[in-house]
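# Observations on the model geometry
Spelled out from the first residue to the last, the chains are:
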Amino acid sequence: FFNPENCDWKPYGGRDNNAGQVEGQMKSSSNALVEKLTNSIDSLLMRRCYEIEGEAPDSKNAKLPKSLSEAISKYFGGEEEINKKRSDWAKRHLVVLAEGDKKKPTLTVIDRGEGQSPERIQNTIVHLSGSIKRNIDFVFGKYHQGGSAAIRFCGSKRKCYQLVLSRRAETIVNKSEANNYGWTLVRRNYKGKNAFYEYCTDKNGDTFSFKFEKPLKIDGLDIEFTDGCLIRLYDYYLENPSNITYGRNSLAFDIDQKLQKSPLPMYLQDMRGWRGDTKYTIAGLLRRIEDNKDIVNDDLTLLAGLGEVGVRNIRCIRLKHISDANGVESYKLQREKIFYVENGLALGYENESFLRTDCQLPALAPYLLCYIDMSDIPVELANLFHAGREEFAHTDDYRTLKDRLKTFFENEIFEKWDKEYQEKSLASANEDNKELDKLIEKAIVDDPELKELLGIGEEIKILKGKEEDKEKYVGEEHPKKFEYVGEQPKEVDKSSYAFASFKTEAEDKLLTRKKNRYCIDWSRDSKLFDVVLRGMNKGVISLRVDCKENAKVGDEDKITFTLLDSEKKNKFEQVVSFKAIETPPYAGSYFPTYFAPQKEILKISPKTSKKFTFTTDVA
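A brief look at the structure comes next. Bear in mind that the values here come from a model prediction, so they are computed numbers and not experimental data.

Tyr 236, Leu 319, Phe 409, Phe 414 and Phe 561 are the most contacted members of the largest nonpolar core, which totals 136 residues. The element best represented in this core is helix 2 (residues 29-53), accounting for 9 residues. Filtering out sequence-adjacent residues up to four positions away, Phe 409 remains in contact with Ile 338, Phe 354, Leu 355, Cys 359, Leu 361, Leu 368, Cys 370 and Phe 414. Within the second largest apolar cluster, 18 residues are counted, among which are Ala 90, Leu 165, Trp 183 and Leu 221.

Another point: the pattern of salt bridges. Applying the stated criterion across every chain yields a total of 43 salt bridges. Among the ionic pairs, Glu 290 bridges to Arg 315, the shortest N-O distance being 2.7 Å. Remark: Arg 315 occurs in strand 14 (residues 311-319) and Glu 290 occurs in helix 8 (residues 285-291); sequence separation between them is 25 residues. For the salt bridge of Glu 420 with Arg 318, the shortest nitrogen-to-oxygen distance reads 3.1 Å. Placement of the pair is Glu 420 in helix 12 (residues 412-430) and Arg 318 in strand 14, with a sequence separation of 102 residues.

With respect to the secondary-structure elements, Arg 47 resides in helix 2. Here the side chain of Arg 47 touches Gly 113 through a polar contact of 3.4 Å, landing on its backbone oxygen. In contact with Arg 47, other than residues within four places in its own chain, are Arg 112, Gly 113, Glu 114, Ala 169, Thr 171, Ile 172 and Asp 227.

For the pair helix 2 and helix 7 (residues 251-258), the least separation of the axes is 10 Å and the interaxial angle reads 65°. By the criterion of interaxial angle, the relationship of helix 2 to helix 7 is roughly perpendicular. Classified by chirality, the crossing of helix 7 by helix 2 is right-handed. Of helix 7, the residues touching helix 2 (which contributes Ser 30, Asn 31, Leu 33, Val 34 and Leu 37) are Leu 251, Asp 254, Ile 255 and Lys 258.

Glancing now at the packing of aromatic side chains. On inspection of all chains with the given rule, the structure shows 23 aromatic pairs. Between the aromatic rings of Phe 408 and Phe 409, the centroid separation amounts to 5.0 Å while the plane-to-plane angle is 75°, which identifies the pairing as edge-to-face. Assigned by exposure class, Phe 408 and Phe 409 land together as buried. Between Phe 414 and Trp 417, the ring centres sit 5.7 Å apart and the planes meet at 85°, which makes this aromatic pair edge-to-face. Taken together, the positions of Phe 414 and Trp 417, both in helix 12 and 3 residues apart, correspond to about one turn of that helix. The same class applies to Phe 414 and to Trp 417, which are both buried. Aromatic rings pair up to connect Phe 482, Tyr 484, Phe 502, Trp 522, Phe 529, Phe 561 and Phe 578 into one cluster. A cation over an aromatic ring shows up here: Arg 544 above the ring of Tyr 497, its NZ or CZ 3.8 Å from the ring centre.

All right, on to helix 11 (residues 396-409) then. Residues three or four positions apart in an α-helix share a direction because the helix packs 3.6 residues into each turn. Taking 1.5 Å per residue as the helical rise, helix 11 with its 14 residues ought to reach 20 Å, and the 20 Å between its terminal C-alpha atoms agrees with that figure. Where helix 11 is concerned, the buried positions are Tyr 398, Thr 400, Leu 401, Arg 404, Leu 405, Thr 407, Phe 408 and Phe 409.

Cut-offs applied
- Residues numbered from 1 in each chain as written.
- Predicted model: local features only at pLDDT ≥ 70, side-chain atom pairs only at ≥ 80, totals over all residues.
- Heavy atoms only, no water.
- Core = buried A, V, L, I, M, F, W, Y, C linked by side-chain atoms within 4.5 Å.
- Buried < 20%, exposed > 50% of the residue type's maximum accessible area, 1.4 Å probe, protein only.
- Helix = DSSP H or I, 4+ residues; strand = E, 2+ residues; numbered from the N terminus.
- Contact = heavy atoms within 4.5 Å.
- Salt bridge = Lys/Arg side-chain N within 4 Å of Asp/Glu carboxyl O.
- Polar contact = N/O pair within 3.5 Å; in protein donor to acceptor, adjacent residues only side chain to side chain.
- Axes fitted to C-alpha atoms, helices over the stretch in contact; angles between N-to-C directions.
- Parallel < 35°, antiparallel > 145°, perpendicular 65-115°, else oblique.
- Left-handed = near helix turned anticlockwise from the far one by under 90°.
- Phe/Tyr/Trp six-rings, centres within 6.5 Å; stacked < 30°, edge-to-face > 60°.
- Lys NZ or Arg CZ within 6 Å of the ring centre and 35° of its normal.
- Expected span 1.5 Å × (residues − 1).

Right, dumping it as structure tokens:
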């Protein structure tokens, strides 16, 4: 096949200058491989669509699923049904094998999806930027190029090869035509100093093929390859080339991170002779946390207005402190903490440092995992996403998104959680250090304010002095009302913000408790104002309202706030009017009459920073 007399080579995607498109998608080899896997998931979904609907998937067909989750339910009985026996299912439908060299394994991806006939391979698998799946609502791939991203990580600069082998699914093929296996070889080549990618055909320009006589046996697998698609990536570069199924830096871990909740499971097997477990079924990091409820402290979903991105559901999972549960360590150590997800696929993320420093939650940051649903993001905001779905592009929209996210975490719920974990961490660190306890106790006896400053809990007793008894608020289990506090329209300073408050007479755990948890919702069509929950205190729910950048002084809008019970039934509703106002002019005196710190005590957690401000009345 390397003798020009035996075959021809055609440019990948039909054009010579294709290296930029192939190589410009992904920086990470594991993320590039995930694009292969999402293509396989799409193919499995499309096969089932053909089998059940009896026709090709197209968004114009009203009876077809409009989302990936809807398609999983209709074509596979739902995620829960699949996950009852996900390893067995994955072994038969979607497999990744590693073999060969221990430093650069050859990876084989096999799926039992729709497959392609030989004559269709050149217009599908080795094509670029077509519109094959653009009109299908329930698939991952829209741009028809992600499958090519992995090729650049094969072999070396010169010896870079990928094998493609496919056969149309027997259940959907035209019975009047021969259903042969088709195959081609993809490689990197050069013209002068410029690289390009190409694939081989026979001398007539047709895809190589051979007749189906019996299913192909795949070494290392119990199943046989009858139809679907097989992609073999020779000498594939992995940042961590050891056992692909085990460890925090393994390929399995990377895929679990990227596919936080994989719509369909996939089976990984390493056949390179490693000791220990060499088999693993991908379900996704989020699903594994859901399966292991013993490590979860809280799991709640809150709404947040995130600028032009709109109102988003943010699922917040607080893991148990490492001193309270086993199995938390690996999740605590991972640096990615906030995931922007679409259909379970992480499009981007924020690191622990964002929570620790920017959001001032140093003790909570290692234990908090957040998932922001981006599945129905407005089309005009697609510039947020980097083409490779590895990270966000650094645009104004992304800056606004992060600023709004910081506002979201300025919430009494997270502040309480952070304080609780500060106390747990300190208690855990001091458990075996009695001398340090004595020193801290002595210091606090000398200066009781240090107790609050250091965030120390009841494990340190103050020997002298007595704290004032504070009247504890005890609310009702269920809200008696949902009464707006204040005048309407509520004025919102364009350079600041306003609070919207509602009396409920309910207990302060109403929105966070595990049983009979209520939630607050609001209409999502406001073009002028963003809303985030601020917290609940003495039965009053507070929300912060900010003007969006496009709001002009004098603009008014109405937002409907709804309090829903644990069954998502509407219990109370209030409509509140808001009005954008100019920042009132400040008139100060010629000389200051006072000069005082804004806070008597400034709490600065380790590894964080805070501004120190003074107030005065000077111009």
